[in-house]
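Each chain is listed here by its residues.
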Amino acid sequence: MSLFKARDWWSSVLGEEEEFDQGCLCLADVDNSGNGQDKIIVGSFMGYLRIFNPQPVRTGDGAQAEDLLLEVHLRDPVLQVEVGKFVSGAETLHLAVLHPRKLCVYSVSGTLGNVEHGNQYQIKLMYEHNLQRTACNMTCGPFGGVKGRDLICIQSVDGMLMVFEQESYAFGRFLPGALLPGPLAYSPRTDAFITVSSCRQVESYKYQVLAFATDADKRQETEQQKLGSGKRLVMDWTLNIGEQALDIRVVSFSQSASSVFVLGERNFFCLKDNGQIRFMKKLDCSPSCFLPYCSVSEGTVNTLIGNHSSMLHIYQDVTLKWATQLPHVPVAVRVGCLHDLKGVVVTLSDDGHLQCSYLGTDPSLFQAPKVESRELNYDELDEEFKELKKIIRDVNRSQGVWPVAEREDDLKVSAVVSPDFDSVSQAPDGEAGADRVPSVTVKVTLQNRVVLQKARLSVCVQPPLVLTCDQFTFEFTAPDMTETAAFSVYLKRSSPPSELEGAAVVSYSRPTGIPRAVQCKFRLPLKLVCLPGQPSKTASHRLTIDTNKPAVSLLALFPGFASQPDDDQVNVMGFQLLGGSRVTLLASRSSQRYRIQSEQFEDLWLITNELILRLQEYFEKQGVGDFACAFSGPLPLQEYFELIDRHFELRVNGEKLEELLSERAVQFRAIQRRLLTRFKDKTPAPLQHLDTLLDGTYKQGWVETADAAISHLLKTCLSRSSKEQVLNLGSQLDVPRDTSRLKKHIALLCDRLAKGGRLCLSADTATVQPTVMPDAMALYTQAPQSSQPLHTGNARKTSGKNPELGRAPWHCAASTRTLSKYSGGSLNAAGACASHAETRVTS
């Protein structure tokens, strides 16, 4: 508690259960009395607008009836009040009131009274603007260097700046990358708006740049702004302050210097006009509001900073000059001239405590009582200290620092995986092989010891495994209740998951309010993602695991996966991944080794991991504790690098397609605008081949591009002989007369696939062969692939990526799974977005 308290000059409590914020307080001569006396304007979130003119008889008097000049209910919440020259053709001051969906400008006037009740005050609505977006805050000033009037700029909650030139709406601009609105201020010296974005950086935007930027009727992507018409909205300067800002003020007490003051959550910054830091101050307490004002010392600025400790600190630059105690936590602070008293500090709390005070000393009359002095016996203190240490040591040794029952027994969680698959699979059609995809049910049981409210159960598994439901909420209204949550797990795509272990986490709060979390893990069966298959003697990729124990029969490790449980099959076993390749596991008869081999390098991991886990479990049951396994060969980095190169190639191709699509979309809209201008012209003018250009940009459809792509497949990887592998594409894709040619090619393609055709080239031609279709609207790329055949409904690889061909139903699933396999899912989404965008342009 501070020795120096704020001297109460006048105070009042506004309304009942009303809320206020930093924009709800303003001091100005709003009634244009001309005597230099400020009035206190206060708005509340309940919609009340009050204007005070304090005139206390004695210092510390409360509010009298005649101190309240005006009180009116505006129905809508008042977000901010400002005073300025907001009416055209008038030099007087007017009051601007910001509501969530409306901006109102009022004229405040008074009428001399003939009786003892005093003067009569009323407000008159001059004009109002209905807002299309929800407002957050506003700022005003002579935007663009105008003389004799003030303009208003409103910031919406979605980051749009709306500028109003008094009675008319000027323009609106979206701030780039806006997520949450921040404080907003205007600098007259630089003619710029200054705000703090959700990226925690101070940003400055010139008014001229805002005025000439692209109109903000709707949000536009950054790429569209690069390629579209109009100027991009660029920042004048930025400064990263590393924290969110509470308020911004721009002060200029001389013609040569102005400063930007930013109040952060932990620091106080003073910046120059160009964004350079003039000084900063780390605050000891969490601030709530601030106000810079002039100083008697030349070249310095005084600043009032209120904090959540009900203190008001006065700084001269970075030096603390005064600290005073307030009876409340201020959310807004102003300094004005009231009743011929200059420098009155006006503070407002969030619950409506309005106080006018001045700085001074108020010495405390409290005197601490004298304490009876006595001599200390250090021997007795040592004995007492040893006894207390022994008691603490015995308690910690017997029951621990935290009681186990309090930490663990509030809630018990257990998970049980069904030994059998669901009779009716929960997997949708088309997931990693349609009707062949099984699903298994997992039941999670929760049993509480005490009453718990809103216990949330979250279940997660490794993708591409999918849950039918992953969020549950339970209410334990009585002790010793049991709740059960059941859900199914299935494989969504053809790629295998990284592991089969899942986790169920329950978060809850104890009756004392302490948050807790309990985790339970479960393991899914291997048959959920693969089936027993025939072993393969040859494979492109192999992996050998060395152990320090004799080889174990594979039938004991993987029961149910051996097709014939005889002596010849216990050391070799095959696994067929759902929608994937075949993996073979071999156990050596003479050595202590295991070999895993497959045609796909990435498919080795799941079986390898499962083998190690089952070996560890097997030897633990046997009582063997020194089991170890190792990999002695070189790391298969070359195979891994091939996957990285393929992933990168797909990403580059996807970016090229997106860029090409964006350019063609911009060209299409530009041609449309020019044609519309020509058609609206009263004097007919030649089109200058604009219709031909529009027709060429628009008419390239799916039929001709799909026909060209299928013809390319039939003449390359699906050709009967090497002589047919010759590209003979026309110079232009014209609209066909009918679809007979396309139907014939589709039938021929399906026939060759059914007879064993493979969507891959031979080894001598397995190189990237890009073929650009006419008019550069379709890009077909033949990527190097392995010799894995393409099965209907269970495809793993495609011969390339064509956005137009990808719209065909039979090809879309295969191409999507290929992109997801080699790009980790990110390129899959980008390719889908590019195809969807091109569909809208060409359809």
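Each residue is numbered by its place in its chain's sequence as written, counting from 1. It should be noted that, the model being predicted, local features are given only for residues of pLDDT at least 70 and side-chain atom pairs only at 80 or more, the latter also being counted only at that level, while totals for whole chains, interfaces and linings use all residues. Hydrogens and water molecules were not included; the side-chain quantities draw on all heavy atoms of the structure.

## Some thoughts on the overall build of the protein chain
When its secondary structure is counted, the protein chain shows 12 helices and 45 strands. Note on classification: 1.4 Å probe, protein chains only; a residue is buried when its accessible area is under 20% of the maximum for its type, exposed when over 50%, partly exposed between these limits. Within the protein chain, buried positions represent 44% of all 843 residues. Residue contacts are counted whenever heavy atoms from the two residues lie within 4.5 Å of one another. For the protein chain, restricting intrachain contacts to residue pairs at least 6 apart in sequence, the fraction spanning at least 24 positions comes to 58%. Of the roughly 45200 Å² of accessible surface on the protein chain, a fraction of 51% belongs to carbon and sulfur atoms. To qualify as a helix, a DSSP run of H or I must reach at least 4 residues; to qualify as a strand, a run of E must reach at least 2; elements of each kind are numbered from the N terminus. Only the protein chains shown count as cover for residues, and the accessible areas themselves come from Shrake-Rupley with a 1.4 Å probe.

## What to know about the sheet that holds strand E35 (residues 482–491)
Two strands pair under a simple rule: DSSP has to find at least two bridges between them. If you walk across this open sheet you meet the four strands as E30-E31-E35-E33, and the pairing is antiparallel. In this open sheet, the two strands that pair with only one neighbour each are strand E30 (411–421) and strand E33 (465–467). Neighbour-to-neighbour, the strand axes of this sheet turn through a mean angle of 25 degrees, independent of strand direction. Relative to E35, strand E31 (residues 439–448) runs antiparallel, the two sharing nine bridges. Note on E35: the bridge partner recorded for Thr 445 is Thr 484. Fitted lines through C-alpha atoms serve as axes, helices being fitted only where they are in contact, and the angles separating the N-to-C directions of these axes extend from 0 to 180 degrees.

## Considerations on the sheet that holds strand E37 (residues 515–523)
Taken together, four strands build an open sheet; the order of strands is E34-E32-E36-E37 and the sheet is antiparallel. In the strand order of this sheet, the two ends are held by strand E34 (471–476) and E37, each with one partner. Neighbouring strand axes in the sheet, compared pairwise and without regard to direction, differ in orientation by 20 degrees on average. Pairing of strand E32 (residues 452–460) with E34, which is carried by five bridges, proceeds in the antiparallel orientation. Pairing of Leu 452 across the sheet is with Phe 476, part of E34.

## Some remarks on the pairing of E35
Relative to E35, E33 runs antiparallel, the two being bridged by three bridges. Each residue of the ladder has a partner; that of Leu 465, found in E35, is Leu 491.

## Some remarks on helix H6 (residues 604–621)
Between the first and last C-alpha of H6 there are 26 Å, a value that for 18 residues agrees with the 26 Å anticipated at 1.5 Å per step. By the burial criterion, the buried members of H6 are Leu 604, Leu 606, Ile 607, Thr 608, Asn 609, Glu 610, Leu 611, Arg 614, Leu 615 and Phe 619. In this fold, the buried residues of H6 make contact with E37, strand E39 (541–547), helix H5 (554–557), strand E40 (572–577), strand E41 (582–587) and strand E42 (593–598). Two residues or fewer past H6, Gly 623 is found with a positive phi of approximately 80 degrees. Helices are assigned an expected span. That span is 1.5 Å times one less than the residue count.

## Details of the confidence of the model for the protein chain
The pLDDT averaged across the protein chain works out to 79; a share of 77% of its residues lies at or above 70. Note: pLDDT gives the predictor's confidence per residue, expressed from 0 to 100. Of the regions scoring below 50 in pLDDT, residues 217–230 engages in 20 contacts with residues more than four places distant in sequence or in other chains. Segment residues 762–843 is flagged for pLDDT under 50; beyond a separation of four residues in sequence, or across chains, it makes 179 contacts in the model.

## Concerning the nonpolar core
The term nonpolar core refers to a set of buried residues drawn from Ala, Val, Leu, Ile, Met, Phe, Trp, Tyr and Cys, joined through side-chain atoms within 4.5 Å. Core analysis: the biggest nonpolar cluster contains 57 residues, and Leu 457, Leu 524, Leu 526 and Phe 575 have the highest contact counts within it. Beyond its immediate stretch of four places on either side in the chain, Leu 524 contacts Val 440, Val 442, Val 461, Leu 465, Val 489 and Leu 500. The next biggest cluster of nonpolar side chains, apart from the first, holds 18 residues, and it includes Leu 69, Leu 70, Leu 74 and Val 81.

## So, the pairing of strand E15 (residues 184–187)
Of the two faces of E15, the one lined by Leu 184 and Tyr 186 and the one lined by Ala 185 and Ser 187 are each fully buried. Pairing of E15 with strand E16 (residues 192–196) involves four bridges; the strand directions are antiparallel. By the bridge assignment for E16, Ala 185 is matched with Ile 194. Joining the antiparallel neighbours E15 and E16 is a turn of four residues, in which Asp 191 adopts a positive phi near 55 degrees.

## Brief notes about the pattern of salt bridges
A pairing counts as a salt bridge when a side-chain nitrogen of Lys or Arg comes within 4 Å of a carboxyl oxygen of Asp or Glu. According to the stated counting rule, one finds 18 salt bridges in the structure shown. Between Asp 410 and Arg 449 there is a salt bridge, with its nearest N and O atoms 2.7 Å apart. Taken together, the residues span a long stretch of sequence, with Asp 410 in the loop between helix H4 (404–408) and E30 and Arg 449 in the loop between E31 and E32 at a distance of 39 residues. The exposure class of Asp 410 is buried, given its relative accessible area of 0%.

## So, unusual backbone geometry
Geometrically, the link from Pro 463 to Pro 464 is a cis peptide bond, its omega value of 10 degrees lying close to zero. With respect to the helices, strands and loops of the structure, Pro 464 is situated in the loop between E32 and E33. One non-glycine residue, Arg 75, lies in the positive phi region at around 70 degrees. Structurally, the position occupied by Arg 75 is in the loop between strand E6 (68–73) and strand E7 (80–84). In the Ramachandran plot, Asp 317 falls in the positive-phi region, its phi being about 60 degrees despite a non-glycine side chain. Its place among the elements puts Asp 317 in the loop between strand E25 (311–316) and strand E26 (319–325).

## Structural notes on empty space enclosed by the protein
In this analysis a 1.4 Å probe is tested at points of a 1 Å grid over the protein atoms alone, and where it fits but cannot get out there is a cavity; an open set with protein on both sides within 12 Å along at least five of seven lines is a pocket; lining residues have an atom within 4 Å of a point. Grid points are joined across faces, edges and corners, and a volume is the space filled by probe spheres set on the points. Under the defined criterion, the tally for this structure stands at six cavities of 30 Å³ or more. Size it by volume and the second largest cavity reaches roughly 90 Å³. Gln 155, Leu 175, Ala 178, Leu 180 and Ser 197 are, among the 15 residues lining the second largest cavity, the residues nearest its centre.

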